[in-house]
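# Commentary on secondary and tertiary structure
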Amino acid sequence: MNTTEIDANIVGQAADLIIGAIRTQQPIPPVRLLGVGDIASAYAVQAELTRRRIADGAVIVGRKIGLTSPAVQQQLGVDQPDFGVLFADMDCSSAASVPSWRLLQPKAEAEIAFILKDDLDDGDLGDEQIRAAVDYAVAALEIVDSRIADWDITITDTVADNASSGLFVLADQRLTLDDFSPREIMMRMYADDELVSEGNGAACLGDPLNALAWLARTARKYGEPLRAGQIILSGALGPMVPTPPGTRIRAEIGPLGSVSATFSPKEG
């Protein structure tokens, strides 16, 4: 299959399987085995899942950027990031705990979240325009998840599965880009008070703002440009870690401060 020959039947079958995994809480085999063989087909599956979610009343609140680490790109044999869609019901920022019962194989990543004040639908989308479009940033935890059994994924599996999106948590403290440099920020993440991950802004495509620029250009190319008010999760600042039920995660992200979450018992 090439990028100009997207099989609608395969797209529908893959979407059905992913939705089934969510509903039954049972992971599925990789969708690449169905014939989701290239990135264009994988994004077609993601778009179909998004269409169905919106039809069911879901509200898009932003995007997430994945595969921003060169090491992870090398592992999956790709040379570019990917993106997924954030929906309002993924936001656990005000919840007493992260609902483990909604997740299959969760892992946590510490990130910067950018909140936009301008649309990014025209212009050259250069560095100056990207910076000007950011209203403020906050510390964030992304809870990634995979509906693919044992995280047996290639680039097409994760893209189809909404870039392995799960849930997210945003901190309260807001800083503008005049207040800090995303590239220079340092991150340390703890699980039950044990240091389990550390990194910095340069681990995210050299600069989290590079990741934002990549997403702005790519989203426009796919006909769904970034909009004012949206939340953009920049990509991991360090390695992701498993988060079984009961785990407490805390990340300290330089001047952005800390963000934390406790995972509920599986039964909810």
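Since this is a predicted model, take the numbers as computed values, not measurements.

### With respect to the overall build of the protein
Counting its regular elements, the protein contains six helices and 11 strands. Scaling as 2.2 N^0.38, a compact globule of 268 residues should have a C-alpha radius of gyration of about 18 Å, and the protein matches this with 17 Å. If one aligns the C-alpha atoms of the protein with their principal axes, the spans along those axes are about 50 × 50 × 35 Å. Counting every position in the protein, which comprises 268 residues, the buried fraction comes to 52%. When the accessible surface of the protein is summed, it comes to about 11800 Å², and 49% of that surface belongs to carbon and sulfur atoms. Of note, the protein has its 22 positive side-chain charges centred 2 Å away from the centre of its 38 negative side-chain charges.

### Some words on unusual backbone geometry
The backbone of Trp 151 sits at a positive phi, close to 55 degrees, despite the residue not being glycine. Along the chain, Trp 151 falls in the loop between strand 4 (134-144) and helix 5 (155-160). Of note, the phi angle at Ala 163 is positive, near 55 degrees, even though the residue is not glycine. Examined against the element boundaries, Ala 163 turns out to sit in the loop between helix 5 and strand 5 (167-170).

### Digging into the sheet that holds strand 7 (residues 194-200)
The strands making up a sheet associate through hydrogen bonds between their backbones, and the pairing can be parallel or antiparallel. Read across the sheet, four strands follow the order 7-6-10-11 without closing on themselves; strand pairing throughout is antiparallel. This sheet does not close on itself; its edge strands, each paired only once, are strand 7 and strand 11 (258-262). Looking at each pair of strands side by side, their axes are set apart by 15 degrees on average, direction ignored. Pairing between strand 6 (residues 186-191) and strand 7: six bridges, direction antiparallel.

Basis of the calculations
- Numbering of residues starts from 1 in every chain and runs along the sequence as written.
- Reporting in this predicted model follows two pLDDT cut-offs: at least 70 for local features of residues, and 80 or more for side-chain atom pairs to be given and counted; totals over whole chains, interfaces and linings ignore these cut-offs and use all residues.
- With hydrogens and water excluded, all non-hydrogen atoms of the structure serve as input to the side-chain values.
- A run of H or I in DSSP counts as a helix once it spans at least four residues, and a run of E counts as a strand once it spans at least two, with each numbered from the N terminus.
- Two things to know: the radius of gyration comes from C-alpha atoms, and the globule rule equals 2.2 Å times the number of residues to the power 0.38.
- Only protein chains enter the accessibility calculation, which uses a 1.4 Å probe; a residue is then buried when its area is under 20% of its type maximum, exposed when over 50%, and partly exposed in between.
- Per-residue and other accessible areas follow the Shrake-Rupley method at a 1.4 Å probe size, with only the shown protein chains counted as cover for residues.
- When charges are counted, Lys and Arg are positive and Asp and Glu negative, with His and the chain ends excluded.
- A charged residue contributes its charge at one atom only: NZ of Lys, CZ of Arg, CG of Asp or CD of Glu.
- Strand pairing is assigned whenever DSSP identifies at least 2 bridges connecting the two strands.
- Axis geometry follows a simple rule: fit a line to the C-alpha atoms, using only the stretch in contact for helices, then measure angles between N-to-C directions, giving values from 0 to 180 degrees.

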